[in-house]
Amino acid sequence: MVEKKKKKKKKRPPRQEMPRQDPKERRMNFNEVALGFSEETAVIEASRCIGCPKPECIDGCPVFVDIPEFIKLVQEKKFVEASKKIKETNILPAICGRVCPQETQCEIVCVLSKIDKPVAIGRLERFVADYEAAAGEVEIPPKSEPKGKKVAVVGSGPAGLTVAGELAKMGYEVIIFEALHKPGGVLVYGIPEFRLPKAIVAREVDFVEKLGVELKTNFVVGRTVTVEEFFDQGYGAVFLGLGAGLPWFLNLPGINLVGIYSANEFLTRSNLMKAYLFPEYDTPLRVGKKAVVIGGGNVAMDSVRTALRLGAKETHIIYRRSRKEMPAREEEIENAEAEGVIFDFLVNPVEFLGDKEGRVCGMKLIRMELGEPDESGRRRPVPIEGSEFVYNCDTVVIAIGQGPNPLALSTMKDLKLNKWGYIVADIETCKTSMKGVFAGGDIVTGEATVIEAMGFGWRASIAIDKYFTTGEW
Amino acid sequence: MNQIIDKKRLAEGINLFEIEAPLIARKRKPGQFVIIRIDENGERIPLTIADVNKEKGIITIVVQVVGKTTEHLGTLSPGDSLLDVVGPLGQPTHIEKFGTVVAIGGGVGHAVCFPIAKGMKDAGNYLITIVGARTKGLIILEEETKKFSDEFYITTDDGSYGKKGLVTDQLKELLEGGKKIDLVLAAGPAIMMKFVSLMTKEYGIKTIVSLNSIMVDGTGMCGVCRVEVGGKTKFACVDGPEFDGHEVNYDLLMKRLATYKEEEKLAYDRYMQKIKDKGKEM
Ligand SMILES: Cc1cc2nc3c(=O)[nH]c(=O)nc-3n(C[C@H](O)[C@H](O)[C@H](O)COP(=O)(O)OP(=O)(O)OC[C@H]3O[C@@H](n4cnc5c(N)ncnc54)[C@H](O)[C@@H]3O)c2cc1C
Ligand code: SF4
Ligand code: FES
């Protein structure tokens with residue numbers, strides 16, 4: 001009682017900062033940049049939550065984590081219980097706590113943000129998830145009565161993992177089929193170790209397996225098996241969480257020169273294949289002296305910061321608009337700047353130049369200026385005539401976006417796709433044009449976020465359960 | 001899973017492996033390949049499925065030692081397993097009755113040519129096979145190929161076996177002999193495919209080549225395997241590996257294949273040193 005009174009009188013502490021590795025140090029290593037809260041900081045940060053009776057934050061979360069409840073448990077120092085509370089609806093808390101853009105999800109709608117900075121929900125989520133893992137055996141929730149129904153999930157990214165985990169909790173027999181040799185999708189091949197350690201992904205994937213999900217890697221749906229065969233083999237429903245994995249290149253002269261990578265290749269070599277540990281690991285990746293990344297999104301930031309850590313002397317971002325229009329998270333731009341990445345704004349490549357061995361040795365760039373806003377609301381970049389100039393570099397990474405990979409889709413004639421080649425699916429039920437086939441995540445929306453993909457997985461699990469129960473499509 | 005059932009030495013530094021992979025064996029069509037990884041530290045490399053036994057669930061791959069991974073693979077024996085085998089990948093060969101088909105395999109590339117040639121024969125074509133290598137010891141699958149070929153020729157650069165010369169010399173002889181040829185298939189070093197294509201272009205004979213680009217995922221996700229065909233960028237792993245030989249930019253292919261020459265050498269030397277050190281310890 002006494003304590004409570006004291007607390008009420010006390011002024012609200014400021015939003016707690018998360019310690020990070022020093023930029024001068026971290027630019028040389030692949031260890032995690034953000035270091036996490038201590039118990040004390042976590043409790044201070046949790047104390048900022050006023051426990052709204054009608055919490056807005058929950059609606060900001062696509063998987064409806066009971067945020068005030070878990071924060072209350074942190075206030076009470078019941079960290080393991082807090083983590084379990086989150087896992088009731090979010091089976092990947094240590095991942096989400098690290099990579100979710102909370103500033104546009106739960107934190108933006110937190111009431112505190114109207115008068116102060118919002119509660120650092122993501123940092124608290126990360127803290128409790130790590131705390132539970134460090135505290136020893138992670139407890140597995142009791143299993144439901146087996147339903148005797150089988151579901152095939154294609155793709156082990158956040159969408160696939162979520163739908164699989166939730167369905168397993170309900171008692172379904174779920175098998176995930178993954179094309180690569182490791183589960184996790186973008187979490188293992190795209191997002192770098194220094195933002196999301198792979199041991200943490202492995203830990204949360206392990207949790208999904210412990211929920212009863214079976215994982216089959218090295219399975220390319222459309223090649224090793226087809227979706228039709230799944231139904232023949234007794235699966236009652238199929239979920240497609242294929243991601244948006246097709247790299248876009250620029251249709252410019254010289255694009256196929258040696259030393260020009262897609263961000264997918266660059267990041268896959270480094271993350272999935274561990275090229276940063278070459279020659280301990282067999283897969284090589286060369287960055288040269290001056291590495292240039294084309295693009296202004298999160299993938300570009302991840303690529304350029306990877307190039308830096310791989311030993312490029314100079315690393316640049318080439319972006320055709322200005323800093324203000326960059327789609328990357330502010331935090332990632334700041335991290336890159338602090339580490340010494342150089343940003344070249346309002347320029348765009350028009351040609352790649354090669355040496356006699358066919359290696360890229362430079363680019364021809366053109367200067368841009370900003371014109372009228374386009375459909376995205378950002379000002380459209382317009383080339384300035386006659387402003388071309390030559391720019392030297394020996395590595396180029398193209399990070400201008402990805403599309404849907406047609407590999408599996410082209411084997412499903414009855415599956416309706418939109419004009420960009422993404423699957424047409426209901427946002428709420430995830431139902432596609434094929435009976436029994438559900439889809440969600442980036443393969444429906446195009447490149448989005450981990451938590452949005454998880455939201456699809458979550459809603460699909462409910463819809464699939466309903467489909468099995470009612471038999472209605 | 002992925003266990004090596006049998007291993008045969010086909011030539012100096014070239015081994016054939018039979019691997020247990022029932023799902024892949026069931027689906028595979030001629031022209032397709034797998035991607036394998038030996039162990040946790042390993043790289044992913046593409047290998048053509050040279051043959052299958054669907055009943056037994058076995059696929060056959062033929063591997064020449066060209067670097068660390070293939071050297072390591074060569075040390076494995078029946079009973080050992082590969083960590084990862086994924087496939088079947090790539091577009092199957094378009095097989096139909098064309099008439100007379102000439103299939104050309106250069107070096108270990110004949111392992112790529114072998115299943116396609118066999119498929120062509122099964123489809124009722126008159127099959128002429130040319131197998132070329134630097135020297136006699138490097139000729140592979142001779143007896144097996146002879147069995148289903150209507151005509152069979154061997155060329156070696158040094159003349160130690162068959163005809164002295166290049167596969168293109170033999171091809172030229174056939175072409176000049178006035179034989180009506182409807183299709184030429186070529187698999188082997190990029191430079192060989194380039195010259196075969198130049199020659200058949202002169203004669204206006206449709207030519208299919210199988211490209212051996214560097215790959216990582218093999219599913220169209222990374223783009224490392226990109227090649228230029230008819231001036232357009234294609235991904236060898238999903239659009240190929242077979243393309244119209246007259247349209248391929250071979251010089252680009254060769255340059256891209258050399259991307260990691262230095263790193264590959266470093267990895268190989270390091271591996272050989274390790275083996276040597278191990279030998280000393282024992
Ligand atoms: C470099 C990078 C950084 C990112 N950073 C962030 C971030 O910080 N925060 C954030 O919220 N989002 C981030 N994103 C976006 C986020 O990762 C994606 O939105 C999310 O992963 C999509 O999830 P998904 O499950 O739909 O697909 P994915 O994660 O793409 O997973 C799809 C899986 O399906 C597999 N697959 C595809 N085809 C087949 C097939 N035919 N057979 C079998 N398996 C198949 C793929 O191999 C893959 O494993 C980032 C993306 C990238 C590329
Ligand atoms: S909206 Fe903010 S203050 Fe309110 S419960 Fe959620 S986190 Fe706490
Ligand atoms: S090997 Fe990656 S796209 Fe072909």
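Above this text is the structure in question.
Calculation criteria
Residues numbered from 1 in each chain as written. Chains lettered and ligands numbered in written order. Predicted model: local features only at pLDDT ≥ 70, side-chain atom pairs only at ≥ 80, totals over all residues. Heavy atoms only, no water. Helix = DSSP H or I, 4+ residues; strand = E, 2+ residues; numbered from the N terminus. Rg over C-alpha atoms; globule rule 2.2 N^0.38 Å. Buried < 20%, exposed > 50% of the residue type's maximum accessible area, 1.4 Å probe, protein only. Contact = heavy atoms within 4.5 Å. Buried area = accessible area lost by both parts, 1.4 Å probe. Salt bridge = Lys/Arg side-chain N within 4 Å of Asp/Glu carboxyl O. Polar contact = N/O pair within 3.5 Å; in protein donor to acceptor, adjacent residues only side chain to side chain. Expected span 1.5 Å × (residues − 1). Near = heavy atom within 4 Å. Areas by Shrake-Rupley, 256 points an atom, 1.4 Å probe, with all protein chains shown as cover. Lys, Arg positive; Asp, Glu negative; His and termini not counted. Core = buried A, V, L, I, M, F, W, Y, C linked by side-chain atoms within 4.5 Å. Pairing = 2+ DSSP bridges. Axes fitted to C-alpha atoms, helices over the stretch in contact; angles between N-to-C directions.

Draft legend 1. Summary view of the overall build of chain B. When its secondary structure is counted, chain B shows 9 helices and 16 strands. A compact globule built from 282 residues would reach a C-alpha radius of gyration of about 19 Å, and chain B, at 18 Å, matches this within 12%. For chain B, the spread of C-alpha atoms along the principal axes amounts to about 60 × 40 × 40 Å. The buried share among the 282 residues of chain B stands at 54%.

Draft legend 2. Structural context of the interface of chain A and chain B. Listed by partner, the interface residues are 44 residues for chain A and 46 residues for chain B. Note on chain A versus chain B: buried area summed over both sides is about 3800 Å², and carbon and sulfur give 50% of it. Contact with chain B buries area across many residues of chain A, yet Arg223, Asn256 and Asp282 of chain A alone supply 21% of it, more than any other trio. Summed over the shared surface of chain A and chain B, the number is 6 salt bridges. Here Glu263 of chain B ties to Arg286 of chain A by a salt bridge, and the two come within 2.6 Å at their closest N and O atoms. There are 25 residue pairs in polar contact (both at pLDDT 80 or more) connecting chain A and chain B.

Draft legend 3. Examining helix 9 (residues 158–170) of chain A more closely. Residues and elements named next belong to chain A. Over its 13 residues, helix 9 runs 18 Å from end to end, which matches the ideal 18 Å to within 8%, given 1.5 Å per residue. Taken together, the buried positions of helix 9 are Pro158, Ala159, Gly160, Leu161, Thr162, Val163, Ala164, Gly165, Glu166, Leu167, Ala168 and Lys169. Phi for Gly171, located one or two positions after helix 9, is positive at around 105 degrees.

Draft legend 4. Here's a closer look at the site of ligand 1. All names here are of chain A. Contacts to ligand 1 come from 34 residues, most closely from Val99, Glu178, Arg195, Val221 and Val450. The backbone of Pro158 places a nitrogen or oxygen atom 3.3 Å from an oxygen atom of ligand 1. Between an oxygen atom of ligand 1 and a main-chain N or O atom of Thr449, the distance comes to 3.3 Å. Out of a free accessible area of 1000 Å², ligand 1 has 94% covered by protein chains.

Draft legend 5. Molecular detail of the side chain of Arg459 of chain A. Residue and element names in this part refer to chain A. With respect to the helices, strands and loops of the structure, Arg459 is situated in helix 18 (residues 450–470). An unpaired buried charge is present at Arg459: no salt bridge exists, and Glu428, the closest side chain of opposite charge, is 4.2 Å distant. For Arg459, the contacting residues outside a window of four places in its chain are Ile427 and Glu428.

Draft legend 6. Quick peek at the nonpolar core. Counting residues in hydrophobic clusters, the biggest one holds 103 residues, and the most contacted among them are Phe70, Phe230 and Leu240 of chain A. In terms of residue count, the dominant contributor to this core is helix 18 of chain A (11 residues). Not counting residues up to four positions away in its chain, the partners in contact with Phe70 of chain A are Val65, Ala82, Lys85, Ile86, Ile121, Leu124, Glu125 and Val128 of chain A. Ile260 of chain A together with Ala190, Val209 and Val248 of chain B belong to the second-largest nonpolar core, a separate cluster that totals 54 residues.

Draft legend 7. Focus on the sheet that holds strand 2 (residues 14–20) of chain B. Residues and elements named next belong to chain B. An order of 1-2-6-5 is seen for the 4 strands of this open sheet, with the pairing classed as antiparallel. The sheet is open, and its two edges are formed by strand 1 (4–11) and strand 5 (51–53), each paired on a single side. For this sheet, the mean angle separating the axes of adjacent strands, direction not counted, is 20 degrees. The pairing of strand 1 with strand 2 spans 6 bridges and is classified as antiparallel. Bridging across to strand 2, Arg9 finds its partner in Asn15.

Draft legend 8. Expanded view of helix 13 (residues 263–272) of chain A. All names here are of chain A. When you tally the buried positions in helix 13, you get 10 out of 10 residues, the bulk of the element. Where helix 13 is concerned, the buried positions are Ala263, Asn264, Glu265, Phe266, Leu267, Thr268, Arg269, Ser270, Asn271 and Leu272. The first or second residue beyond helix 13 is Lys274, which carries a positive phi of 60 degrees.

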